[in-house]
Every structure is written in C-alpha cells, then in structure tokens.
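If you want the building blocks of each chain, they are given just below.
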Amino acid sequence: MKKIVLIVVGLYLLVLSCGIVFGFGIVSKYAKVNKNIESIGSINYKYEDSNKYSIGSVSIDDEISRINIDWIDGEVVIIPSNSNKISFNETCSAPLSDAMKVHYFVDRGLLNIKYCASGSWKIENLEKKLTLSIPSDIINVLEIECISSDIDISKVNANRFDIDSVSGNIDIADISLKNIEVNTISGNIEGKLDGQVSDASFETVSGNIKLYYDSFKKLDIGDIVGITGEVFKTK
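Residues numbered from 1 in each chain as written. Predicted model: local features only at pLDDT ≥ 70, side-chain atom pairs only at ≥ 80, totals over all residues. Heavy atoms only, no water.

Visitor: Would you take a moment to explain the overall build of the protein for this structure?
Guide: Assigned secondary structure in the protein consists of 1 helix and 17 strands. Residues counted as buried form 42% of the 235 residues belonging to the protein. By sequence separation, contacts in the protein at least 24 residues apart represent 49% of the contacts at least 6 residues apart. Looking at the protein as shown, the accessible area adds up to about 12,600 Å², and 51% of this sits on carbon and sulfur atoms. (Helix = DSSP H or I, 4+ residues; strand = E, 2+ residues; numbered from the N terminus. Buried < 20%, exposed > 50% of the residue type's maximum accessible area, 1.4 Å probe, protein only. Contact = heavy atoms within 4.5 Å. Areas by Shrake-Rupley, 256 points an atom, 1.4 Å probe, with all protein chains shown as cover.)

Here it is as structure tokens:
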C-alpha cells in the first residue's frame, strides 16, 4: 500500500514539475519579449531608431509586405481595406499628447507600429484602440505583441500570423493564411480559419481555446496546445 501511495505521489510531483517548467517557459518568453515593462502603469518603453518614427494615424503609400505591431493596452482591430493602401488610426477616450500617440516607421517593406514614443512613461488605463485596414493579398507576415489588449482580426489574408499577448482575448475569424502562431498567458483564443492553413500553434496558460472544426481539416490536433485552458472541437 505504501508503495502505491509513493508511486502516485511521485507521478503527481512529476506532472506538477513538468507543468511548472512548461508554464515558466511561456512566461519567460513574454518577459523577454516585453523586457522593458515594469508594470502596466509604469514602463520603460524603448525601441531602436526612435528618431525615424512619425506620429499619428495615416495612410501608407509605400509597398508593405510585413507589419509589426507593438501595443500596450486597449484593443487592436485588423480589418480588410476598401482601397489598395494600408491605413491605421487610433482612438482614445482621453486627449493624447504627441508622445502618447501612435508612432510608425516604414523600413524596406516593414511597417512598424508602436503604442507611443520611445521613452519612460507612466500609462494609466488609456485604453487606446488601434484599427488597421489591410488590402487583400499583399501582406506576407503580420506580427502583434501586446501587454493588456484585446485582438480582433477578421477577413484578412497573409502567409503568416505571429501573435504574442500577456492578457486580453484574441478573436480570429474568416482569415486565409498558411501559418499561424498564437500565444497568450491569461486570455481566451477563438479562431475560425479556412482550409489553407498548414501549420498552427495555439498556447494559453489560463484561458480557453476555441477553434472551429471545419477550419482545420489539414491539421493534427496535436498542433493545438494549451497548458490549463480547455481545448475542444465544435460540432
């Protein structure tokens, strides 16, 4: 009887240890991605080539194949464009200084979008909303890194999506792409993709993952990973 108890306890400790290591790995990755974040209220938000960034909402005339969004709090919404240009705008319930407005920089086909100016800031629940409009079939890679933001992407095409978030829900609907990777610590993930997807990875520490069954005919369920979130197929 004692041997059975010891075996059960040993297995429990092994599973717990694996969970802690796996979870710590995910958290460490976010800490690395957002290494300058001290808290949601106080940040040391520094990035390279800050003197090359422009301020405010805009329509982009340059040819863009890759977009990188670095957002702190609020919401990021990505929708299809009615024109052949990429455009974005931000809204906020409070007036914004130039330093707190969205900043952007285009570099050889890469559009970088930053939450605010590079520097040390105290941010108190600005809840800024970024809306990005993208024409069909021109974006190769879309990368989004968020601290405390909801992400809503619909009817957008790309070869690859990479999304990293600490908190906030992620909703992806009616998009066409080949590869997608979504990671979050305390947010829910809901996805509805078409049959073109060949590689997908979803990770959450304390949220739920909901993926529509018909969207993943070519995928192995083993590609859909959650730590403590519930993973299931819809009927």
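Visitor: Just checking my understanding: could you explain the pattern of salt bridges for this structure?
Guide: Pairs can form between side chains of opposite charge once their charged atoms are near each other. Under the definition given, this model contains 9 salt bridges. The closest approach of N and O atoms between Lys114 and Asp70, which form a salt bridge, is 3.8 Å. In this pair, Lys114 is assigned in strand β7 (residues 110–114) and Asp70 in strand β4 (residues 66–80), connecting sequence segments 44 residues apart. Note on accessibility: Lys114 and Asp70 belong to one class, buried. Residue Glu90 is joined to Lys128 by a salt bridge in which the shortest nitrogen-to-oxygen separation is 2.8 Å. Here the residue Glu90 occupies a position in strand β5 (residues 86–91), and Lys128 occupies one in the loop between β8 (119–122) and β9 (129–134), the gap between them amounting to 38 residues. The pair Glu90 / Lys128 is uniform in exposure class, with both members buried. When salt bridges that share partners are traced, they join Arg160, Asp162 and Glu181 into one network. (Salt bridge = Lys/Arg side-chain N within 4 Å of Asp/Glu carboxyl O.)

Visitor: What am I meant to see in the environment of Ser54 here?
Guide: Checked against the element boundaries, Ser54 lands in strand β2 (residues 54–55). Judged by its relative accessible area of 31%, Ser54 falls in the partly exposed class. For the pair Ser54 and Tyr104, spaced 50 residues apart in sequence, the C-alpha to C-alpha distance is 5.4 Å. Ignoring sequence-local partners within four residues, the contact set of Ser54 consists of Val102, His103 and Tyr104.

Visitor: Just checking my understanding: could you explain the pairing of strand β14 (residues 189–193) for this structure?
Guide: The side chains of a regular strand alternate, residue by residue, between the two faces of the sheet. Side chains of β14 alternate between two faces, with Ile189, Gly191 and Leu193 buried and Glu190 and Lys192 left unburied. Sheet topology places β14 next to strand β16 (residues 209–211); 3 bridges connect them, and they run parallel. Directly across from Gly191, in β16, lies its bridge partner Leu211. (Pairing = 2+ DSSP bridges.)

Visitor: Even after reading the chapter, I still don't get the nonpolar core, so can you show me in this structure?
Guide: Generally speaking, nonpolar side chains in soluble globular proteins are found buried as a group. Membership of the largest hydrophobic core comes to 51 residues, with the highest contact counts inside it found for Ile67, Ile69, Ile78, Ile113 and Ile153. Those residues in contact with Ile153 that sit more than four places away from it in its chain are Ile78, Leu142, Ile144, Phe161, Ile163, Asp171, Ile172, Ala173 and Ile175. (Core = buried A, V, L, I, M, F, W, Y, C linked by side-chain atoms within 4.5 Å.)

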